[in-house]
Amino acid sequence: PRSRADLVQRVAKQVSPKRFEHILRVEEMALRLAKQWGVDLEQASVAALTHDYAKEQSTQKFLDFIDAKQLDPNLKAWNSAIWHGIVGAEIVADELDIQNQPILDAIRQHTTGAPYMTTLSQILYMADYVEMGRDFPGVDEARALAFEDLRASVGWQTRHTLAFLVANGKPVYPLTILTYNEWSVEK
Ligand code: DGI
Ligand code: FE
Ligand code: FE
Ligand code: FE
């Protein structure tokens, strides 16, 4: 991408208007968190603008990318909820010509988290969760925590996401459990 405007235009072509609005709100929150935690603003902006770029791509395209990029074949048993981050990072790299590894890692990890996350990755993970359009019980508390104690807020999200998945009988992606053990368990 030549500029933010160019990137915004390319993303807008790949997602619904509602998702595009979410993406802009994630950028706004990611920039606020980046200022708070001393992260490069341009990196935060690019990571936020591209994090859900792949969310509406076809199942076949995700499966093709898993093969082409030689990703873990076990990924094929999941769906776009998991693919759009992990496989989406590869799609973003190819189609938007973004080669910055910290940005690609942040995209890769934005849904599941990971045992090790850079501050940029933590910011994207939290900005996606507490952007101003989110409305779930506890969102205000989670938002405040992201500005007070970023690490604790990552743990908060991981704990609540895992509890939600279990309560609804949903499969838990193994990396989500590893994230929980690293970020949310008292040691
Ligand atoms: O893409 P967004 O909707 O903005 O947000 P996201 O990428 O964080 O995705 C959130 C969804 O992903 C939410 O409905 C919970 C789901 N999710 C997160 N971890 C797991 C998961 N779903 C399953 N089945 N397993 C997981 O481990
Ligand atoms: Fe997402
Ligand atoms: Fe998220
Ligand atoms: Fe998102």
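Just so it is clear, the model here is predicted, and its values are computed rather than measured.

Trainee: What is the right way to read the overall build of the chain from this model?
Mentor: Within the chain, the secondary structure is distributed over eleven helices and zero strands. Listed by position from the N terminus, the elements making up the chain come as α-α-α-α-α-α-α-α-α-α-α. Whereas a compact globule of 187 residues would reach a radius of gyration of roughly 16 Å, the chain reaches 16 Å, a difference of no more than 12%. Oriented by its inertia axes, the alpha-carbon framework of the chain measures out at about 40 × 35 × 30 Å. Taking all 187 residues of the chain together, the buried fraction comes to 36%. Within the chain, contacts between residues separated by at least 24 positions form 61% of all contacts whose residues are at least 6 apart in sequence.

Trainee: Would you take a moment to explain the nonpolar core for this structure?
Mentor: A general feature of soluble globular proteins is that nonpolar side chains tend to end up buried together. Counting 43 residues, the largest nonpolar core has A30, A47, A48, I123, L124, M126 and A127 as the members making the most contacts within it. The residues contacting L124, other than those within four sequence positions of it, are A30, A47, A48, H51, A106 and H110.

Trainee: Before we go on, may I ask you to explain the site of ligand 1 in this structure?
Mentor: Inspection of the region around ligand 1 gives 16 residues, with A81, T111, K170, Y173 and T176 positioned closest. Counting only elements with at least two residues in the shell around ligand 1, the list comes to α5 (80-86) and α10 (150-167). Residue composition of the shell around ligand 1, grouped by class: five nonpolar, seven polar and four charged.

Trainee: Sorry if this is basic, but what is going on with the packing of helix α3 (residues 41-50) against helix α7 (residues 101-109) here?
Mentor: Relative orientation and spacing of two packed helices are given, respectively, by the angle between their axes and the distance between those axes. At a minimum axis distance of 9 Å, the contact between α3 and α7 shows a crossing angle of 40°. Classified by the angle between their axes, α3 and α7 sit oblique to one another. The two elements α3 and α7 cross, and the hand of that crossing is right-handed. Across the interface between the two elements, Q43, V46, A47 and T50 from α3 touch P102, I103, A106 and I107 from α7. Of the residues belonging to the contact of α3 with α7, the class tally is six nonpolar, two polar and no charged.

Trainee: Mind showing me how you'd approach the UniProt feature "domain: HD" (unreviewed entry) in the chain here?
Mentor: The UniProt entry lists residues 19-133 under the feature "domain: HD" (unreviewed entry), expressed in the numbering used here. Along residues 19-133, the helical share is 65% and the strand share 0%, with 11 Å between the first and last C-alpha atoms.

Trainee: Would you take a moment to explain the environment of N100 for this structure?
Mentor: The topology assignment puts N100 in the loop between α6 (88-95) and α7. You can call N100 partly exposed: it has 14 C-beta atoms within 10 Å.

Trainee: Can you help me understand α7 in this one?
Mentor: Note that an α-helix has 3.6 residues per turn; residues three or four places apart therefore point the same way. All buried positions along α7 are accounted for by I103, A106, I107, R108 and Q109. Contact partners of the buried residues in α7: α3, α5, α6 and α8 (119-130).

Trainee: What is the right way to read the confidence of the model for the chain from this model?
Mentor: As a general rule, the predicted coordinates of low-pLDDT regions are not to be interpreted in detail. In this model, the chain carries an average pLDDT of 97, and 99% of its residues clear a pLDDT of 70 or more. Quick note on the complex model: pTM equals 0.97, ipTM equals 0.96.

Trainee: Honestly, the environment of A146 in this entry has me stumped. Any pointers?
Mentor: Locating A146 in the fold gives a position in helix α9 (residues 139-148). Between the alpha carbons of A146 and W156 there is a distance of 9.5 Å; along the sequence they are ten residues apart. Look past the residues within four positions of A146 in its chain and what remains in contact with it is L33, M126, V130 and S153.

Trainee: Could you clarify how one ought to interpret the environment of E131 in this entry?
Mentor: If you trace the backbone, E131 turns up in the loop between α8 and α9. Separated by 35 residues in sequence, E131 and V166 place their C-alpha atoms 24 Å apart. Once residues lying within four places of it in the same chain are set aside, the contact partners of E131 are H22, R25, V26 and M29.

Trainee: So what exactly am I meant to see when it comes to α10 here?
Mentor: Relative to the 26 Å expected for 18 residues at 1.5 Å per residue, α10 spans 26 Å between its end C-alpha atoms, a close match to the ideal helical length. Among the residues of α10, those classed as buried are S153, V154, G155, W156, Q157 and T158. Next to the buried residues of α10 lie α8, α9 and α11 (174-183). Positive phi shows up at G169, right after α10, with a value of about 65°.

Here is what the cut-offs are and how they apply
- Residues numbered from 1 in each chain as written.
- Chains lettered and ligands numbered in written order.
- Predicted model: local features only at pLDDT ≥ 70, side-chain atom pairs only at ≥ 80, totals over all residues.
- Helix = DSSP H or I, 4+ residues; strand = E, 2+ residues; numbered from the N terminus.
- Rg over C-alpha atoms; globule rule 2.2 N^0.38 Å.
- Buried ≥ 20, exposed ≤ 12 C-beta atoms within 10 Å, placed from the backbone.
- Contact = placed C-beta atoms within 7 Å.
- Core = buried A, V, L, I, M, F, W, Y, C linked by C-beta atoms within 7 Å.
- Near = placed C-beta within 6 Å.
- Nonpolar A, V, L, I, M, F, W, Y, C, P; charged D, E, K, R; others polar.
- Axes fitted to C-alpha atoms, helices over the stretch in contact; angles between N-to-C directions.
- Parallel < 35°, antiparallel > 145°, perpendicular 65-115°, else oblique.
- Left-handed = near helix turned anticlockwise from the far one by under 90°.
- UniProt positions renumbered as here; feature names shortened; annotations may be inferred.
- pLDDT = per-residue confidence, 0-100.
- Expected span 1.5 Å × (residues − 1).

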